[in-house]
Amino acid sequence: MIKMALEIIVMIKQVPDSSEVVIDPVTFTLNRGAARNVINPADENAVEQALKIKDANNDTHITVITMGPPFAESALLDCMAKGVDRGILVTDRAFAGADTYPTGLTLAATITKIGKFDIIFAGEESTDSSTGHVGPGVAEFLGIEQASYTSNSWVEDGKVFAERQLEDGVETVKMEPPCLITVLTNSNIPRNATLRMKIDAMKRGIETWTLADINLKPEWVGLKGSPTIVKSMKSIQEKKRAGKKFTPDQMDEFVDELISKGILKFGGD
Amino acid sequence: MIKIEDRLSLLNYKIDKSYEHITINPSICETCPDHFCTFACPAKCYTLIDEKLNFKYEDCVECGTCDTACSHGSVAWTNTKGGHGVKYKFG
Amino acid sequence: MSEFDVIVVGAGPAGASAAIRLASNKVNVLLVDRADPPGSKNVSGGVLWGDSLSQVIPDWEKSNMLERYVEAKGVTFLTKDSKISIDFRSKKFGEYKSGYTVLRTKFDAWLAKKAKDAGAMVVSGVTVDKLAMKDGKVIGVEQSGETITSDSVILAEGANSRVAYDSGIKKKPEDQKIALGVKEVIKLPEKTITERFGLTSPKMGFASEYVLGFLDGGVKAGGFLYTNRESISIGAVISMGDLRKNNQTYSFNVIEQFKDHPFIAPLIQDGRVEEYSAHLVPEGGMSVDSVYGNGYMIAGDTAGLTFSNGLVLQGMNYAVVSGILAADSFMERKSKGGDMNFENYQKNLENTFVLRDMNNFRGLDQVTWSESIHSTIPAIAEDAMLNIFSENGNPKKHLSQIVISSALKQKDKRKDLAVDLYRMLRRM
Ligand SMILES: Cc1cc2nc3c(=O)[nH]c(=O)nc-3n(C[C@H](O)[C@H](O)[C@H](O)COP(=O)(O)OP(=O)(O)OC[C@H]3O[C@@H](n4cnc5c(N)ncnc54)[C@H](O)[C@@H]3O)c2cc1C
Ligand SMILES: Cc1cc2nc3c(=O)[nH]c(=O)nc-3n(C[C@H](O)[C@H](O)[C@H](O)COP(=O)(O)OP(=O)(O)OC[C@H]3O[C@@H](n4cnc5c(N)ncnc54)[C@H](O)[C@@H]3O)c2cc1C
Ligand code: SF4
Ligand code: SF4
């Protein structure tokens, strides 16, 4: 088996920690509080997937990128401390208010500027907006092959393989690099950074790019470049449901009730 | 009185699926005369189920109490790694 | 050449203060905390007493990380049916610094940021395993099998001192040396808190410690209730030895018994529990044979520089002071080009209130955790108060007679009481 020196790019996003949005035990209402920022969980798995490929292919070089506010630096440093070689923060006031289209465009332009790459990794979706558009969008902007919702991927004889989790089974796809892969949440267990690597990452530091670095016009990015307009938002009102209790020795009545409500039907007719 | 389970459900944990930071030695617990851990642990990680000691590390708030509480040498206690474990909002 | 001048293990008040002090003086310092962000594993009741932080952050009182300034301080004895309390309010709390309530997760993250701003390298989310030793000298720290070198290490990892245990410089605590603190943060509107505790403004706060003399099975615990801006911190510090002797009370239920007490419940009424937490509290003073060695110093809770005895609960102030002194002791040695054996740290500690307080109160914990404090005295006081303030048809007696006759009812406990009072007086 020929081992390759690969160029990998991972896209990560900083999101509010979804587990800090908790349910109040007394009132059963959602209690959001001021959730702290973490790396989008699927992106941690994407980084780990890239590192696994690096483990298996010497001389592989990984770059992690994010479009976000300046404090997203810590997310990039965390990835670098795990073995990522380079971190780029793309930040500019002009990016504010971006929907998935300019987000994808901005990231694609950043990747074009980086130059050579073999594989791009993204998370399946973010926990804060959960569109799952950005990864596939970037692949379309760049005109490359893609495999979404993957649980594992590897490189063999210059080809990229990925396992896609489908409703009715697992599909293994084979792609020519360059290609893009989106990674499922919890598809692997992200490694811990060591103190040595954290120190090294901090010494190396990240690069910061702005709009001017990626050759896009201001009207293409941020709110101006966003075709979606949010007209209004509604929270879902849960319908009040009637409840009725049955004890184990009332099973006959329970079944009758289900049949009379049309919930339970017997096949044949 | 709020049940301990409900109080624990308020907490945010980053659970380490690859490392259990506390382990017990079941053969020691089997003959334990006091099961003091079940009273001492503030996160109810130690419970008796059918007279058998059951330990779950996921709810642990890393206080270190059980390491002192168990006087029979059953508890092997280490810190969580990599920022895993409990993550308080107020503290 | 070492990679760092100093590695500080733990970014609690002790470690962060040390790092700020060092970095502000251009010392090359690494501050490591196992929590990410720093502070997210730490618990205090939360009054930071005194003004020690001003030594490293001169304008600390302007920080919006502080919740309320304590203008009312209570000490309260609770029996099953009664409450006897001192509610101390003083205009002098303007001249004499009392303290500010803080919430540690926010507060510690802010301290770590101050260390970073001062020039320290701050690494979070990494657990230090051990001190790295060579020829009997500490040369840095070990983590995941790698050594990060430094001229010296300040160990400030808190009460649960795994690094110290695993490096063989501290023994695991016995029951008398440790108590278990459990706490809840209860959300209430700012205005409700200000009104309910009779405070003069939303910036002012109330702080009280409680002797919980009514717990099921006679478990001994000290309670605390502190007001934050928009929440109340309430909790209990439970004696480990007592909990073990009892062996039927669940630690997590003690705080609920406290909250349900008829004189506590109204104070937290309509509040929503936002967080439950637990942490060890060192008891009974210094917990290490020596606070220094070749290449290291031990600060804060790791050294047992905590004053907790079921009645008083202070540790953050001692942590801050010891952290600063450790930093100063390093710089003293460095400037003299001397070795890194820090007996000067021990001396510096002796010259401040830190070790003096520890010595003064050594042994007092026997009293504050005693039967007298937790049940005899409250029972006498309760009986006396009932006698004074109730009409039972008998002619009123002189106060001293009432107290004596109430005390006589606790006859079998009299000897213990005398011993405890003697111990207390001798120490104070
Ligand atoms: C209808 C609608 C309206 C919106 N309006 C606004 C708005 O007005 N203002 C606003 O700020 N936001 C808005 N958003 C949110 C915004 O679209 C998304 O935050 C952003 O485009 C990223 O999309 P996502 O979070 O759904 O990512 P997904 O597509 O779910 O993310 C998949 C993966 O893409 C990568 N990725 C995503 N974002 C980034 C990034 N920034 N940097 C690097 N990699 C990334 C990660 O690998 C991630 O795992 C809106 C969303 C919707 C659905
Ligand atoms: C319930 C309760 C109420 C209290 N109330 C008060 C009060 O009102 N006022 C008061 O002054 N004091 C109070 N205290 C005491 C006070 O909290 C402590 O004395 C104080 O926190 C000690 O500070 P420290 O910096 O020594 O340790 P800590 O605050 O415990 O900090 C230790 C730090 O080290 C880190 N750490 C631990 N191990 C490692 C490792 N291996 N590697 C890297 N990092 C590590 C931890 O994450 C932590 O951030 C209370 C304590 C409790 C439990
Ligand atoms: S952990 Fe210790 S105290 Fe608990 S049951 Fe086992 S031996 Fe007993
Ligand atoms: S460390 Fe504390 S919370 Fe964790 S299992 Fe032990 S006693 Fe329970």
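Above this text sits the structure in question.
Here's what I pulled together on the structure shown here. These numbers come from a predicted model, not from an experiment.

**Brief notes about the overall build of chain B**
The secondary structure content of chain B amounts to four helices and six strands. Reading chain B from its N terminus to its C terminus gives the helix and strand order α-β-β-α-α-β-β-α-β-β. Taken over the C-alpha trace, chain B has a radius of gyration of 13 Å; the compact-globule value for 91 residues is 12 Å, and the two agree within 12%. Its C-alpha atoms give chain B principal-axis dimensions of roughly 40 × 35 × 20 Å. A burial count over chain B gives 59% of its 91 residues as buried. Relative to all contacts within chain B whose residues are 6 or more apart in sequence, the contacts with residues 24 or more apart total 67%. Surface accessibility of chain B: about 3,900 Å² in total, with carbon and sulfur atoms responsible for 51%. A gap of 10 Å separates the mean positions of the 10 positive and 12 negative side-chain charges of chain B.

**What to know about the overall build of chain A**
A count of helices and strands for chain A gives six helices and 13 strands. Its C-alpha atoms give chain A a radius of gyration of 23 Å, clearly above 18 Å, the size a compact globule of 269 residues would have. Dimensions of chain A, computed from C-alpha atoms along their principal axes, come out at roughly 70 × 45 × 40 Å. Sorting the 269 residues of chain A into buried and exposed places 43% on the buried side. Across chain A, every contact between residues at least 6 apart in sequence was considered, and the portion connecting residues at least 24 apart equals 72%. Of the roughly 15,000 Å² of accessible surface on chain A, 54% is carried by carbon and sulfur atoms. Across chain A, the 30 positively charged side chains and the 38 negatively charged ones have centroids separated by 5 Å.

**Quick notes on the interface of chain C and chain A**
Facing the 22 residues of chain C at the interface are twelve residues of chain A. Here chain C and chain A share an interface that buries about 1,400 Å² over both sides, 60% of which is from carbon and sulfur atoms. At the surface where chain C touches chain A, the tally comes to one salt bridge. A salt bridge links Glu3(C) to Arg196(A); the nearest nitrogen and oxygen atoms lie 2.6 Å apart. Counting across the chain C and chain A interface gives five residue pairs in polar contact (both at pLDDT 80 or more). Taken together, the elements giving at least two residues each to the side of chain C that touches chain A come down to strand E2 (29-33), strand E7 (121-124), strand E9 (137-143), strand E10 (146-155) and strand E15 (272-282) of chain C. Of the residues forming the side of chain C that touches chain A, the biggest block, four residues, is contributed by E7(C).

**Description of the site of ligand 2**
Around ligand 2, 39 residues are found, and the nearest of them are Asp33(C), Ser44(C), Gly45(C), Arg104(C) and Asp301(C). In this structure ligand 2 sits where residues from chains B and C come together. Between ligand 2 and Arg104(C) there is a distance of 2.6 Å, counted from an oxygen atom to a side-chain nitrogen or oxygen. The backbone of Met316(C) places a nitrogen or oxygen atom 2.8 Å from an oxygen atom of ligand 2. Here ligand 2 has 990 Å² of accessible area as a free molecule, and 98% of this is covered by the chains. In the shell around ligand 2, the residues fall into 18 nonpolar, 16 polar and five charged. Shared between two domains, the shell around ligand 2 holds at least three residues of each, these being domain 1 (4-67 + 102-172 + 285-361) and domain 2 (176-282) of chain C.

**Re the interface of chain C and chain B**
Note: interface size is frequently given as the accessible area lost on complex formation between the parts. With 48 residues of chain C in contact, the opposing surface of chain B contributes 38 residues. Regarding the contact of chain C and chain B, the summed buried area is about 3,700 Å², with carbon and sulfur atoms giving 53% of it. The tally of links from chain C across to chain B stands at six salt bridges. With a closest N to O distance of 3.5 Å, Glu256(C) and Arg7(B) form a salt bridge.

**Concerning the nonpolar core**
In this structure, Leu22(C), Leu30(C) and Leu53(C) are the most contacted members of the largest nonpolar core, which totals 81 residues. Sort the elements by how many residues they give to this core and helix H8 (residues 316-335) of chain C lands first, with eleven residues. With sequence-adjacent residues up to four places away left out, Leu53(C) is seen in contact with Ser17(C), Leu48(C), Trp60(C), Phe107(C), Trp110(C), Leu111(C) and Val320(C). Listed in part, the 66 residues of the second largest apolar core include Ile2(B), Leu10(B), Cys29(B) and Leu243(C).

**Topic: helix H10 (residues 353-360) of chain C**
All names here are of chain C. Taken together, the buried positions of H10 are occupied by Val354, Leu355, Asp357 and Met358. Viewed along the axis of H10, the buried residues span an arc of 160 degrees, placing them on a single side of the element. Contacts from the buried residues of H10 go to strand E18 (307-308), H8 and helix H9 (343-350).

**Digging into the sheet that holds strand E10 (residues 159-166) of chain A**
Residues and elements named next belong to chain A. Taken in spatial order, the nine strands of this open sheet run E11-E10-E9-E12-E8-E1-E6-E7-E13, and their pairing is mixed. A strand with exactly one partner marks an edge of an open sheet, and here the two such strands are strand E11 (169-175) and strand E13 (207-209). Each adjacent strand pair in this sheet contributes to an overall mean axis angle of 30 degrees, direction not counted. Looking at chain direction, strand E6 (residues 61-67) and strand E7 (residues 86-90) are connected through five bridges and run parallel. Among the inter-strand pairings, Met67 is bridged to a residue of E7, identified as Val90.

**Here's the deal with the site of ligand 1**
All names here are of chain A. Around ligand 1, a shell composed of 27 residues is seen, among which Met11, Lys13, Asp43, Ser126 and Thr131 lie nearest. At 3.4 Å, a backbone N or O of Ala98 approaches a nitrogen atom of ligand 1. Measuring from an oxygen atom of ligand 1, one finds a side-chain N or O atom of Ser126 at 2.5 Å. Of all elements in the fold, only E6, helix H3 (100-114), strand E8 (119-123) and helix H4 (134-142) reach the threshold of two or more residues within the shell around ligand 1. Class assignment for the residues of the shell around ligand 1 results in nine nonpolar, 13 polar and five charged.

**Thoughts on helix H1 (residues 13-24) of chain C**
All names here are of chain C. Look at H1: 16 Å from first C-alpha to last across twelve residues, which is about the 16 Å you get at 1.5 Å a residue. In terms of burial, H1 is largely enclosed, as eleven of its twelve residues are buried. Residues of H1 that are buried in the fold lie against strand E1 (4-9), E2, helix H2 (104-118), E10 and H8. Lys26 lies just past H1 and shows a positive phi near 65 degrees.

**Quick notes on the packing of aromatic side chains**
For the structure shown, the criterion picks out 14 aromatic pairs over all chains. Where Trp60(C) meets Tyr100(C), the ring centres are 5.3 Å apart and the plane angle is 80 degrees; that geometry is what we call edge-to-face. With Trp60(C) in the loop between strand E3 (47-49) and strand E4 (66-78) and Tyr100(C) in strand E6 (residues 99-102), this residue pair connects regions lying 40 residues apart in the sequence. The pair formed by Trp60(C) and Tyr100(C) is uniform in burial state, with each residue classed as buried. Plain terms: the ring middles of Tyr250(C) and Phe252(C) are 5.3 Å apart, the flat faces sit at 20 degrees to each other, and that makes the pair stacked. Overall, the relative accessible area of 4% leaves Phe252(C) in the buried class. Above the face of the Trp209(A) ring, Lys113(A) is positioned so that its terminal group lies 5.0 Å from the ring centre. One Lys or Arg, Arg7(B), reaches over the ring of Tyr276(C) and ends 4.8 Å from the middle of that ring.

Reading the values: rules and limits
- Residues numbered from 1 in each chain as written.
- Chains lettered and ligands numbered in written order.
- Predicted model: local features only at pLDDT ≥ 70, side-chain atom pairs only at ≥ 80, totals over all residues.
- Heavy atoms only, no water.
- Helix = DSSP H or I, 4+ residues; strand = E, 2+ residues; numbered from the N terminus.
- Rg over C-alpha atoms; globule rule 2.2 N^0.38 Å.
- Buried < 20%, exposed > 50% of the residue type's maximum accessible area, 1.4 Å probe, protein only.
- Contact = heavy atoms within 4.5 Å.
- Areas by Shrake-Rupley, 256 points an atom, 1.4 Å probe, with all protein chains shown as cover.
- Lys, Arg positive; Asp, Glu negative; His and termini not counted.
- Charge placed at Lys NZ, Arg CZ, Asp CG, Glu CD.
- Buried area = accessible area lost by both parts, 1.4 Å probe.
- Salt bridge = Lys/Arg side-chain N within 4 Å of Asp/Glu carboxyl O.
- Polar contact = N/O pair within 3.5 Å; in protein donor to acceptor, adjacent residues only side chain to side chain.
- Near = heavy atom within 4 Å.
- Nonpolar A, V, L, I, M, F, W, Y, C, P; charged D, E, K, R; others polar.
- Domains from an automatic or database assignment.
- Core = buried A, V, L, I, M, F, W, Y, C linked by side-chain atoms within 4.5 Å.
- Arc of directions from axis to C-beta.
- Pairing = 2+ DSSP bridges.
- Axes fitted to C-alpha atoms, helices over the stretch in contact; angles between N-to-C directions.
- Expected span 1.5 Å × (residues − 1).
- Phe/Tyr/Trp six-rings, centres within 6.5 Å; stacked < 30°, edge-to-face > 60°.
- Lys NZ or Arg CZ within 6 Å of the ring centre and 35° of its normal.

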